[in-house]
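# An overview of the molecular structure
Here is how the chains run, residue by residue.
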Amino acid sequence: MKLFLLFLLFPISAFCQNTIGLPDVTNFYKQSYNGGLQNWDIKQDNNGIIYVANNEGLLSFDGKNWNLYPLPNKTIVRSIEIGFDNRIYVGGQDELGYFSPSVNGQLQFHSLIELIPLKDRAFGDVWDIISYNRSIFIRSTNKIFKLSNEKIATFKATSEWAYLDVCNGKLYAHDYKIGLLHFENDLWVTLPTKNVLPLNDPITSLLSIGKDSAIVTTLRNGLYSMIGTNISKIMSVNTALFENERIFSALSINKEWLAIATSNNGVFIIDHSGNIIQSFTKKEGLQNNNVLSILLDRQQNLWLGLDNGIDLIAYNSAIKQINPSAQDGSGYTAIVHNSQLYLGTTNGLFSVALPKINDLSFSIAPFISVENTKGQTWGMAVINNQLFLGKHEGAFEVKGNTATPISVSTGYWNFVPLSNTFPSAKMIAGNYKNVEIFDYVNNHFSLSKKIDGFEESSRFIAIDENDNIWISHPYHGLYKISKTNNENYTTTIYTNKQGLPSILNNHVYKIKNEIVVATEKGIYTFKKDKNIFEPSDFYRKILGDQSVRYLKEDESGNIWFIHEKSVGVIDFSAKIPTVINLPELNNKMLSGFEFIYPLNGNNIFLGGEKGFYHINFEKYKQAATSLQAQIRKVKITGKIEEILFGGYFKDINEKQIQNEDKLTHVNKDWKSIQFQFSASVFGSFSNLQYSYRLKGFDEIWSKWSEKTEKEYTNLPAGTFYFEVKVRNNLGKESEAASYAFKILPMWYQTILARIFYLVLVLIILSVLYKWQERKFNSQKRKFEDEQLKLEEEKKRLLYIHELELKKTEGELTALRNEKLEAEINFKNAELASSAMHLVKKGELLSKSKTDLTHVMKGMDNPQAVGELKKMIKNLNEDDKMDKEWESFSKHFDTVHSQFLVLLKEIHPTVTGNEMKLCAYLRMNLSTKEIAQLMNISARGVEIGRYRLRKKLQLETSISLFDYLIGLK
């Protein structure tokens, strides 16, 4: 609040200086997110995932990887909303729908077009989607759709719908012709206000600043205040600027500040009166100045959807960059004196007036170049309330914004008081060639003398409690300069013979009132009683034996250090000192000329390759970022690559915990399985480290690293649980995220295969047992052979006797069969003879009747004719024939195994003539012969055969003769 009041006292116009400290800007180029140029809308779910409406579809970002989900018709996505039902609603051109996780956790699109009335399906682009009162409202230019209970209602615009959003619990829309409306009782109701909003200028945001108050931004006419239903123009020194820059979107940063995204000049951070607090343009690191969308994420970072690209401003970061000069000169020294911040760079010394605020990075004033300081600066110090500057050209005293030379010797590194008293009677200054002593006379330091016998560059100087001067040269050694009784100085060199690990890369400092040396093997302290250096147990316990280049103690007793190209601090605020690393600054320090100026807990200045870095250390330690490790993708690689898991166990906003009842089953036909994981902590990606394990395979957690993927190959069959957790550089650690899966065994590892193996083993055992049993029986038989020979001989003889008996019986049987066969052949011959006799008899009778008939026709004597008729009648009588048939049938059945009896049993409807026909057919008589025997024509025989087949119900494919022969 104090800071807010300060800015009310010092309103700035668009042409005034920005805040001196600005957060880092991370640029995501089109090539990195692999989507389209423009980014129209940005949202974040409860798990921290960022979603962006992009020209080529929906983008998602989990802190590590970007994913693109195009719409079915490949059109531009201009709006997104995470609904009350945990769906991601998106709108394209004539396309409307939502994304939700599929069975394997990948986002899948579901169209809602079928719910829209057919006459309203041509609606163009969707510009806004809002979740309100368990309904989804969708704005296109001419229509607003309301989706509720899977039904869509349409509200048409009077002219054009220009805006749709929620403010202070109400849903508002803007129509060019009517003005501002709100949704009430399923109707759009016009606000009862004076139409102060200009026509044909769309509202771009409604931002709540109180219970009934809001800030209204318009595209071309700046800012308005809305209190209740009263709307008025906000006038400020920046009114013309805001009207000119085209406000495309806006949001609230906190209770006092707003962020305004413009089409022409980036982003402005303003207060409610229109005063500019900060601005972010291409000059401050944006890719371009055309900002289409803006989001404040859960860590208070600003996401900007640009006309070409996406930018992330680590707005709430405790680390900011300060560039005092337009040339981006490297930072070498910094100090605060008389409410002025002085920063020394390769381009000279710059100063800025400081307000009375805790975090000096929010100071708003221009940097001013200090006169006579152009060129390389080295070090500064305040001694006896006087500010001294070391430059390549000499030593200077700085008063206000003017530097006055006090020595023209070449190259001064530093200035150190020779005593801890105030005022100090002497100070020493290290330069390129030696060390010089300045005396304090008449409130002024003047050069007294240089120390004889010492001619080394003296950039690192420390004074011990006995006023001994310690000087280190990284390549020449460590020196102690002591004052003798006659006011002269003696020099002692310390090398590896005096306990140092090496003669090279030793840097001397005074920390906690003792002389320490930062070396390649850790930190060494001076043992006065032994006159040697030894490794410090205290520092070794905390830092180990890692190389250290720079040390600096702050007013709270914390020790800042630089290890290689990384910055850290030993924090003594807790009972046990802890190390806090600052990975955000890795590789950003000025290597070889490291510099840290800890003014207080809220203001730590570090020299960088480009300007300076400012750390609000108290804020840095209090960062309350919630850490949540997430498994974002699981894929297997074999003949093809297959995604097993796409990042979502449940709906979008729900906590992503796997239901163990739904384990993924993985066939063994794969080469590797890969896990990708991340944590949605933005603006401080380098602060995170991950540790993982695969339960069921390796129960030990891996070492912490920045690696965000892990691959396994040749895992055995079984159930596994991949777990991963994340921690930040402050030591905060998340819960473990888990993904469970089951690798199915190969066919030869299945239960059926094991049963088969068991059966096979049992069979083998059984065969072995049988073999052993046979072997035993064989031996037993050999033992009993002699006794069995007699019995076998007896059996053989008995067998021969039986064979002879059987042979005799066989011969008798053969004789009987031959006799039977002869009898059958005789009966067949007799039967055939009888049949032939009947045939001949029939022929004779037939001929006799024919002859008598012929004679009768030639006679005139009626009495003779009568006699002839009697004779013909007698011939036709068949009583005798029937008796002959009975005799024939008996003989026939005897020869043919009671064929006629069997035929009558099987086919009781067969008549006598048909039985005769069957008998003659079985005897294989010709048609002519059968006709004579039955005293009918050949045609009659054929008709009889046909009727007989029908009565016997024979299929056409069955021969009548074969059927009768086979009847048994």
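Structure shown above.
Residues numbered from 1 in each chain as written. Predicted model: local features only at pLDDT ≥ 70, side-chain atom pairs only at ≥ 80, totals over all residues. Heavy atoms only, no water.

### Topic: the sheet that holds strand β25 (residues 267–271)
Cut-off, in case you're wondering: Any two strands between which DSSP finds at least two bridges are classified as paired. For helices the rule is a DSSP run of H or I covering at least 4 residues; for strands it is a run of E covering at least 2, with both sets numbered from the N terminus onward. Lines fitted to C-alpha atoms define the axes, with helix axes restricted to the stretch in contact, and inter-axis angles between N-to-C directions lie between 0 and 180 degrees.
The four strands are arranged β23-β24-β25-β26 in an open sheet whose pairing can be described as antiparallel. For this open sheet the edge positions go to β23 (247–252) and β26 (276–280), each flanked by a neighbour on one side alone. Sheet twist, expressed as the mean angle between neighbouring strand axes with direction ignored, is 20 degrees.

### Focus: the pattern of salt bridges
Spelled out, the test is: Salt bridge, as applied in this entry: a Lys or Arg side-chain nitrogen positioned within 4 Å of an Asp or Glu carboxyl oxygen. Working definition: with a 1.4 Å probe on protein chains only, accessible area under 20% of the residue-type maximum means buried, over 50% means exposed, and in between means partly exposed.
Here the structure, examined in full by the defined rule, presents 24 salt bridges. We note a salt bridge from K43 to D41, for which the minimum N-O separation is 3.2 Å. We classify D41 as buried; its relative accessible area is 15%. When the shortest N-O distance is used, the salt bridge between E243 and K233 registers 2.8 Å. With E243 in helix α3 (residues 239–245) and K233 in strand β22 (residues 230–233), this residue pair connects regions lying ten residues apart in the sequence. Residue classification places K233 among the partly exposed residues on the basis of a relative accessible area of 26%.

### Concerning helix α10 (residues 912–922)
Counting buried residues along α10, nine of its eleven residues qualify, which places the element largely inside the surrounding structure. One or two positions beyond α10, positive phi appears at N924, with a value near 65 degrees.

### Things to note about the nonpolar core
Heads up, the rule is: The set of buried Ala, Val, Leu, Ile, Met, Phe, Trp, Tyr and Cys residues whose side-chain atoms join them within 4.5 Å is what this entry labels a nonpolar core. Contacts between residues were defined by any pair of non-hydrogen atoms, one from each residue, lying within 4.5 Å.
Judged by nonpolar contacts, the single largest core of 89 residues is most densely connected at I269, L302 and L551. Setting aside chain neighbours within four positions, we find I269 in contact with I253, W257, L258, A259, N275, I276, I277, Q278, F280, L302 and Y315. Grouped together as the second largest cluster of nonpolar side chains are 28 residues, F645, L688, Y692 and A737 included.

### A look at the side chain of D439
What counts, and what does not: Identification of polar contacts relies on pairs of N or O atoms within 3.5 Å, with a donor-acceptor requirement for protein atoms, meaning one able to donate a hydrogen and the other able to accept it, and with residues adjacent in sequence counted only if both atoms are side-chain atoms.
Take D439: it is sitting in strand β41 (residues 435–441). At a separation of 2.6 Å, a polar atom in the side chain of D439 contacts the side chain of K426. One polar contact links D439 to S448, side chain to side chain, over a distance of 3.0 Å. Beyond its immediate chain neighbours, meaning those up to four positions away, D439 contacts A425, K426, H444, F445, S446 and S448.

### Re the sheet that holds strand β27 (residues 291–296)
Sheet architecture is open: four strands sit in the order β2-β29-β28-β27, paired in antiparallel fashion. Of all strands in the sheet, those bounded by a partner on one side alone are β2 (25–28) and β27. Neighbour-to-neighbour, the strand axes of the sheet open up by a mean angle of 20 degrees, direction not taken into account.

### Some words on unusual backbone geometry
The step from F422 to P423 runs through a cis peptide bond, and the omega angle for that step is -5 degrees. Position of P423 among the secondary structure elements: in the loop between β39 (412–417) and β40 (426–431). In the Ramachandran plot, N149 falls in the positive-phi region, its phi being about 55 degrees despite a non-glycine side chain. Considering the arrangement of structural elements, one finds N149 in the loop between β13 (143–148) and β14 (151–156). With a relative accessible area of 72%, N149 lands in the exposed category. The phi dihedral of N372 falls on the positive side, at around 70 degrees, and the residue is not glycine.

### Observations regarding the pairing of strand β28 (residues 302–306)
Most of β28 is tucked away, with five of its five residues classed as buried. Here β28 shows two buried faces, one formed by L302, L304 and L306 and the other by W303 and G305. For β27 and β28, the ladder comprises five bridges, and the chain directions are antiparallel. If you follow I294 over to β28, its bridge partner there is L304. Where β27 folds back onto β28 in an antiparallel hairpin, the turn is made up of five residues, including Q300, whose phi is positive at roughly 65 degrees.

### Quick look at the packing of helix α9 (residues 899–906) against α10
Rule in force here: By definition in this entry, angles of less than 35 degrees are roughly parallel, angles greater than 145 are roughly antiparallel, angles of 65 to 115 are roughly perpendicular, and the rest are oblique. By convention, the crossing between two helices is left-handed when the near helix turns anticlockwise from the far helix through less than a right angle, and right-handed when the turn is clockwise.
Axis separation between α9 and α10 bottoms out at 11 Å; the angle between their running directions is 130 degrees. Judged by the inter-axis angle, α9 sits oblique to α10. Where α9 crosses over α10, the handedness of that crossing is right-handed. Where α9 approaches α10, its residues F899, L900, L903 and K904 are matched on the opposing element by M915, C918, A919 and R922.

### A closer look at the side chain of D271
Cut-off, in case you're wondering: We treat Lys and Arg as the positive residues and Asp and Glu as the negative residues; His and chain ends play no part in the count.
Relative to the elements of secondary structure, D271 occurs in strand β25. Salt bridges are absent for the buried D271, whose nearest opposite-charge side chain, K233, sits at 15 Å. Within the local environment of D271, its side chain forms a polar contact with the backbone nitrogen of S273, the two atoms lying 2.9 Å apart. Here N275 takes part through its backbone nitrogen, which lies 2.8 Å from a polar atom of the side chain of D271.

### Let's talk about helix α12 (residues 938–952)
Applicable threshold: Expected span, for any helix, means 1.5 Å times one less than how many residues it has. Note that the arc is computed from the directions linking the helix axis to the C-beta atoms.
Compared with an ideal rise of 1.5 Å per residue, which puts 15 residues at 21 Å, α12 spans 21 Å between its outermost C-alpha atoms and is within 8% of the ideal. Turning to α12, its buried residues are V941, G944, L948 and L952. The arc that holds the buried residues of α12, viewed along the axis, is 60 degrees, so those residues lie on one side. Opposite its buried face, α12 presents the exposed residues R939, Y946, R947 and K950, each directed more than 90 degrees away. Where α12 is buried, its residues touch α9, α10, α11 (927–933) and α13 (960–966). Where α12 ends, the next residue or the one after it, Q953, has phi of about 60 degrees, a positive value.

### Description of the packing of aromatic side chains
Using the following cut-off: Think of it this way: a Phe, Tyr or Trp ring, Trp meaning its six-membered ring, pairs with another when their centres are within 6.5 Å, and the plane angle makes it stacked under 30 degrees, edge-to-face over 60, tilted otherwise. Placement of a positive charge over a ring is assigned whenever Lys NZ or Arg CZ falls within 6 Å of the ring centre and within 35 degrees of the normal to the ring plane.
In the structure shown here, the tally under the stated rule is 62 aromatic pairs. Put simply, the rings of F645, F649, F675, F677, Y690, Y692, F697, Y712, F720, F722, Y739 and F741 touch in pairs and so form one group of aromatic residues. The ring of W413 has R459 lying over it, and the distance from NZ or CZ to the ring centre is 5.4 Å. It is R632 that lies over the ring of Y648; its NZ or CZ is 5.0 Å from the centre.

### Let's talk about a nonpolar patch on the surface
Quick reminder of the rule: Only residues whose relative accessible area exceeds 30% and that take part in no salt bridge are eligible for patches, with like-charged residues grouped when within 9 Å of each other and nonpolar side chains (Val, Leu, Ile, Met, Phe, Trp, Tyr) grouped when within 5 Å. Using a 1.4 Å probe, the Shrake-Rupley method yields the accessible areas, and only the shown protein chains count as cover for residues.
Together, F756, Y757, L758, L760, V761, L762, I764, L765 and L768 give the surface a local cluster of nonpolar side chains, amounting to about 850 Å² of exposed area. Locating Y757 in the fold gives a position in helix α6 (residues 751–857).

### Let's talk about the environment of K655
If you trace the backbone, K655 turns up in the loop between β59 (641–645) and β60 (664–666). A residue is classified by how much of its surface remains accessible, and K655, at 51% relative accessible area, is exposed. Spatially, the C-alpha atoms of K655 and H507 are 51 Å apart, while their sequence positions differ by 148 residues. Dropping the residues within four chain positions of it, K655 is found in contact with N47, K650 and E735.

### Description of the environment of H110
With respect to the helices, strands and loops of the structure, H110 is situated in strand β10 (residues 107–111). For the pair formed by H110 and G608, sequence separation is 498 residues and the distance between their alpha carbons is 51 Å. Each residue touching H110, except ones within four places of it in the same chain, is listed here: L96, G97, Y98 and S100.

Honestly, that's just the spatial picture; any functional story needs more than this.
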